[in-house]
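# Close look at the chain arrangement
Chain by chain, the residues:
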Amino acid sequence: PAAAPAPAGMSSLLFGDPASGDRAYVSAVSLINERRWPEALAALDEAGRAVGPHPDILTYRGYVLRRMGQLDAAETWYRAALAIAPDHRGATEYYGELKVLRGDLDGAKVMLARLEKSCVYGCPEVEELRRWIDAGGQPL
């Protein structure tokens, strides 16, 4: 995918300290695991304000939005993460899953190939995306 600038609302400047960013990020991951999507977005916003546009934060933001059914917004965040870190395995996997949800199996296979190239000895992201593709867009 082509590189994309950071979405509106995500500054490239540091406005906090790393410790507060770490706390917000850990809180966001916990909220994601609990499927508390709106609270997770708020925690990711806080982490982003503290540390700037980190690809993990951008990726999780896309993941949460995708889980909330906001596929266009999710794609924006995945593309922003990949613009910063083109080999980010999480963003690549989740972007591939989004493509599967949209019925774009060819696009998902492109993402899978990217993962396979960066995971020479295999990685869980490859296996997970392969499962999504093999399911043919059906919910897992």
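One can find the structure itself at the top, above this paragraph.
A few points on the structure. (Residues numbered from 1 in each chain as written. Predicted model: local features only at pLDDT ≥ 70, side-chain atom pairs only at ≥ 80, totals over all residues. Heavy atoms only, no water.)

### Side note on the packing of aromatic side chains
Under the defined criterion, the tally for this structure stands at six aromatic pairs. With centroids separated by 6.2 Å and ring planes inclined at 70 degrees, the aromatic side chains of Trp-37 and Tyr-63 adopt a geometry described as edge-to-face. A residue pair is termed long-range when its members are at least 10 positions apart, and Trp-37 in helix α2 (residues 37-51) and Tyr-63 in helix α3 (residues 55-67) qualify at 26 residues. This pair shows no difference in class: Trp-37 is buried, exactly as Tyr-63 is. Look at Tyr-63 and Tyr-94: their rings are 4.9 Å apart centre to centre, the planes differ by 35 degrees, and that puts the pair in the tilted class. (Phe/Tyr/Trp six-rings, centres within 6.5 Å; stacked < 30°, edge-to-face > 60°. Helix = DSSP H or I, 4+ residues; strand = E, 2+ residues; numbered from the N terminus. Buried < 20%, exposed > 50% of the residue type's maximum accessible area, 1.4 Å probe, protein only.)

### Observations concerning the state of the cysteines
Under the criterion given, the structure shown has one disulfide. Between the sulfur of Cys-119 and that of Cys-123 lies a disulfide, 2.1 Å long from S to S. Around the S-S axis, the bridge from Cys-119 to Cys-123 shows a dihedral of about 70 degrees and counts as right-handed. Taken as a pair, Cys-119 and Cys-123 share a single burial class, namely buried. (Disulfide = S-S within 2.5 Å.)

### Considering the side chain of Thr-92
Take Thr-92: it is sitting in helix α5 (residues 89-101). Aside from chain neighbours lying at most four places away, what touches Thr-92 is Leu-82, Pro-86, Met-111, Arg-114, Leu-115 and Leu-129. (Contact = heavy atoms within 4.5 Å.)

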